[in-house]
Amino acid sequence: MRISNQYAALGTKFSSSSTPEVPKLPQLLLWNEQLADDLKLNLSEEQIANYFSGQKLIPDSTPVAMAYSGHQFGHFNPQLGDGRAHLLGEVANKQGKIQEIQLKGSGQTPFSRNGDGKCGIKPAVREYIMSEAMHAMGVPTTRCLAVITTGEEIHRQTITPGAVVTRLASSHIRVGTFEYFAARSMQTEIKILVDLTIKRHYPNITLTNNRKYLSLLQQVIDKQIELVIEWTRVGFIHGVMNTDNTLLSGETIDYGPCAMMGVYDPETVFSSIDRNGRYAFGNQANIAQWNMARLAECFLNLIDEDEKQAINLVMPLIEAFPDQYNHAFNQMMSNKIGFEEGNVEANKLHQKLLSLMFKHQLDYTQTFVQLQESLIAAESHAEINSLELIEWHKTWQDTLKQSNISHENAYQLMANNNPVVIPRNHHIEKILEQVEGDLSTASVESFLAVLQSPYSVTKDTSLYQDMPPGGDLNYQTYCGT
Ligand code: AMP
Ligand code: MG
């Protein structure tokens, strides 16, 4: 295993040297064989438990805690940083793509403030299940390689076993990382960070003059739009879209208070601390735009010495966000109802469908799956039973016909875009309770096996498709647990 650390090599302005805490009794709980294979890792169980808990350092790794700031719920916090995570370095996977390896829950760092630097077993396993499910659904995301229990009890709302989760990301550079240097007027460091970001994520940017900042901003915006579109496609609610949880790579990061939408309602929010619905399902695109404006502010001085002129150059990119998003949204929703291209007719249909789903409180995932199945089966489906929906169904069929789209083609397109199974909140909670109780992983493994194939019905899929009795009405998720 060859590990280097380009980020640590940037120097002490970017990160602080910090060694993971040696755990009491590390024990392997979850190991991602497929991902390990992709990274060409060939380790014994003992090595795994040692390396991914902080017990021993991977040879050549230079663990650091990264410095960053962030806007949290709209308020700027100049000093955040990895308070419970250690970046060990990066390795190349089989495709030659760089993957950074980070331990989370591995003890205090210079950025811990009053935190204990720890992670409970439930949030660790939640991150593992959610990120692997998202990856399988085709959503850009960080991955999880391992969860190791530490043999320690940690104090949260209750006492719970401690764990270290190993996270993989193509980089951990956040909007908040740029904000950290911008808040301190450290222009040289912003330039260094821009160059690393371009090299790692946007190598097609070859401009060397100040236009490269605009080009980078545009490409990061494009990636954020793609990301939120993907979340919307599968009904994912991130829950805490602070700028420190927004990666320049466009991968989903930080599965703290995230959840999946059941009944369709754009105002859905589950996070206990999101009282005003800032990060509600239907507000995620607005927030992504807001986050991109914060990133743009970090580049202003580099784009033009004259701030007014810089703002004039940046604003069109930020202002184009909603139109660009809506175009991508129409395209994605059209695919979900079997149309290759988003056109006026298809757009009218999915808009009407969403309003009916809201009115009749239909399950987001099940509705699309049942519509898709209705193309090849004659029997009626539970979610398509109101008169209005039957009428919509007829218009939909007529429009497909007029557009010369065969049922087979529509079905195939829908099947590729509508997951039949998602990591539903009540299943996640049940499994997390069980793992916390007896540290057994059989239920996690069988859930993950189904989530690996989100677009096809396998032997056990039906065990996880059900909605919770009474909906997700009182479901709450918690941050920083
Ligand atoms: P998060 O909610 O995970 O995005 O974390 C926000 C900030 O709080 C980051 O700077 C984290 O490193 C820090 N943080 C969260 N939990 C802890 C903890 N238990 N100990 C120290 N820092 C923490
Ligand atoms: Mg975070």
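To be clear, the structure that these remarks concern was listed above.
Values in this document were obtained by computation on a predicted structure and should not be read as measured data. (Residues numbered from 1 in each chain as written. Chains lettered and ligands numbered in written order. Predicted model: local features only at pLDDT ≥ 70, side-chain atom pairs only at ≥ 80, totals over all residues. Heavy atoms only, no water.)

Student: How do you make sense of the environment of Q34 when you look at a structure like this?
Tutor: When you line up the elements, Q34 lands in helix α2 (residues 33-38). Residues Q34 and Q331, 297 residues apart in the sequence, show an inter-C-alpha distance of 32 Å. (Helix = DSSP H or I, 4+ residues; strand = E, 2+ residues; numbered from the N terminus.)

Student: How should helix α10 (residues 321-336) be read in this particular structure?
Tutor: Spacing of three or four residues puts side chains on the same side of an α-helix, whose turn is 3.6 residues. For α10, spanning 16 residues, the distance from its first C-alpha to its last is 22 Å, which sits close to the expected 22 Å at 1.5 Å a residue. Among the residues of α10, F321, Y325, F329, N330, M332, M333, S334, N335 and K336 are the ones counted as buried. As for α10, its buried residues are in contact with α7 (211-234), α8 (284-303), α9 (307-319), α11 (344-359), α12 (364-374) and α14 (407-417). Positioned one or two residues after α10, G338 has a phi angle of 95 degrees, which is positive. (Expected span 1.5 Å × (residues − 1). Buried < 20%, exposed > 50% of the residue type's maximum accessible area, 1.4 Å probe, protein only. Contact = heavy atoms within 4.5 Å.)

Student: Help me understand the nonpolar core, please; the structure alone is not making it clear to me.
Tutor: Most often, soluble globular proteins keep nonpolar side chains buried together rather than apart. Counting residues in hydrophobic clusters, the biggest one holds 122 residues, and the most contacted among them are V125, F178, F299 and W396. Both of domain 1 (8-169) and domain 2 (174-424 + 466-481) provide at least three residues apiece to this core. Contact partners of F178, with chain neighbours within four places excluded, come to I173, I190, L193, V194, T197, L248, L295, C298 and F299. Among the nonpolar cores identified, the runner-up in size contains 20 residues, and W31, L41, I58 and V91 belong to it. (Core = buried A, V, L, I, M, F, W, Y, C linked by side-chain atoms within 4.5 Å. Domains from an automatic or database assignment.)

Student: What am I meant to see in the coordination of the magnesium ion (ligand 2) here?
Tutor: Around a metal, the idealised angle for a tetrahedral arrangement of four donor atoms is 109.5 degrees; for an octahedral arrangement of six donor atoms it is 90 or 180 degrees. For the magnesium ion (ligand 2), the protein coordination sphere consists of N245 (OD1) and D254 (OD), at 1.9 to 2.2 Å. The class for N245 is buried, based on a relative accessible area of 10%. Look at D254 and you get buried, because its relative accessible area is 16%. (Donors = N, O, S within 2.8 Å, 3.2 Å for Na, K, Ca; no water.)

Student: Which parts of the structure should I look at to understand empty space enclosed by the protein?
Tutor: Sizing a probe to match a water molecule and rolling it over the atoms shows the empty space that remains. Scanning all chains against the criterion turns up three cavities of 30 Å³ or more. Counted as a void, the largest cavity has a volume near 70 Å³. What lines the largest cavity is simply Q224, L227, W231, H238, M241, N245, T246, L247, E251, T252, I253 and N291. A per-element tally of the lining of the largest cavity places α7 first, with three residues. Each pocket or cavity is described by its volume, and for the second largest cavity that value is around 60 Å³. If you trace the second largest cavity, you find it lined by E21, V22, P23, S53, G105, S106, G107, K118, T150, E152 and V164. A per-class count over the lining of the second largest cavity returns three nonpolar, five polar and three charged. (1 Å grid on protein atoms, 1.4 Å probe; cavity = no way out; pocket = protein on both sides within 12 Å on 5 of 7 lines; lining within 4 Å. Points joined across faces, edges and corners; volume = space filled by probe spheres on them. Nonpolar A, V, L, I, M, F, W, Y, C, P; charged D, E, K, R; others polar.)

Student: So what exactly am I meant to see when it comes to the site of ligand 1 here?
Tutor: Around ligand 1 sit 16 residues, and of these G81, G83, D116, G117 and D254 come closest. Contact distances for ligand 1 include 2.7 Å between an oxygen atom and a backbone N or O atom of G83. Between ligand 1 and D254, the relevant distance is 2.8 Å, taken from an oxygen atom to a side-chain nitrogen or oxygen of the residue. When the free accessible area of ligand 1 is taken as 490 Å², the share hidden by the protein chains comes to 84%. Among the residues forming the shell around ligand 1, the class breakdown is three nonpolar, six polar and seven charged. Shared between two domains, the shell around ligand 1 holds at least three residues of each, these being domain 1 (8-169) and domain 2 (174-424 + 466-481). (Near = heavy atom within 4 Å. Polar contact = N/O pair within 3.5 Å; in protein donor to acceptor, adjacent residues only side chain to side chain. Areas by Shrake-Rupley, 256 points an atom, 1.4 Å probe, with all protein chains shown as cover.)

Student: Would you mind showing me how to read helix α13 (residues 387-402) here?
Tutor: Taking 1.5 Å per residue as the helical rise, α13 with its 16 residues ought to reach 22 Å, and the 23 Å between its terminal C-alpha atoms agrees with that figure. When we look at burial in α13, the residues that qualify are L389, W392, H393, W396, Q397, T399 and L400. For α13, the buried positions fall inside an angular range of 165 degrees around the axis, keeping them on one side. Residues L387, E391, K394, K401 and Q402 are exposed on α13 and point more than 90 degrees away from its buried face. Contact partners of the buried residues in α13: α11, α12 and α14. Taken from the residues just after α13, N404 is the one with a positive phi, measuring 60 degrees. (Arc of directions from axis to C-beta.)

Student: Before we go on, may I ask you to explain the pairing of strand β6 (residues 85-92) in this structure?
Tutor: Within a regular beta strand, the side chains point alternately toward one face of the sheet and then the other, so they alternate between its two faces. Most of β6 sits inside the fold, with seven of its eight residues counted as buried. Relative to strand β7 (residues 98-104), β6 runs antiparallel, the two being bridged by seven bridges. Each residue of the ladder has a partner; that of A85, found in β7, is K104. (Pairing = 2+ DSSP bridges.)

Student: It is not clear to me how the side chain of R233 should be interpreted in this structure. Could you clarify?
Tutor: Take R233: it is sitting in helix α7. Side chain to side chain, R233 and Y455 meet in a polar contact 2.7 Å long.

Student: Just checking my understanding: could you explain the pattern of salt bridges for this structure?
Tutor: Pairing is possible between side chains of opposite charge, provided their charged atoms come close. For the structure shown, the criterion picks out 23 salt bridges. A salt bridge links K118 to E152; the shortest N-O distance between them is 3.0 Å. Separated by 34 residues along the polypeptide, K118 in the loop between β7 and α4 (121-137) and E152 in strand β8 (residues 143-155) bring together distant segments of the chain. When its relative accessible area of 12% is taken as the criterion, K118 is described as buried. In this structure, E345 engages K348 in a salt bridge whose closest nitrogen and oxygen atoms are separated by 3.8 Å. In this pair, E345 and K348 both sit in helix α11, three residues apart, roughly one turn of the helix. Members of the salt-bridge network, linked through shared partners, are K104, E127, R167 and D254. (Salt bridge = Lys/Arg side-chain N within 4 Å of Asp/Glu carboxyl O.)

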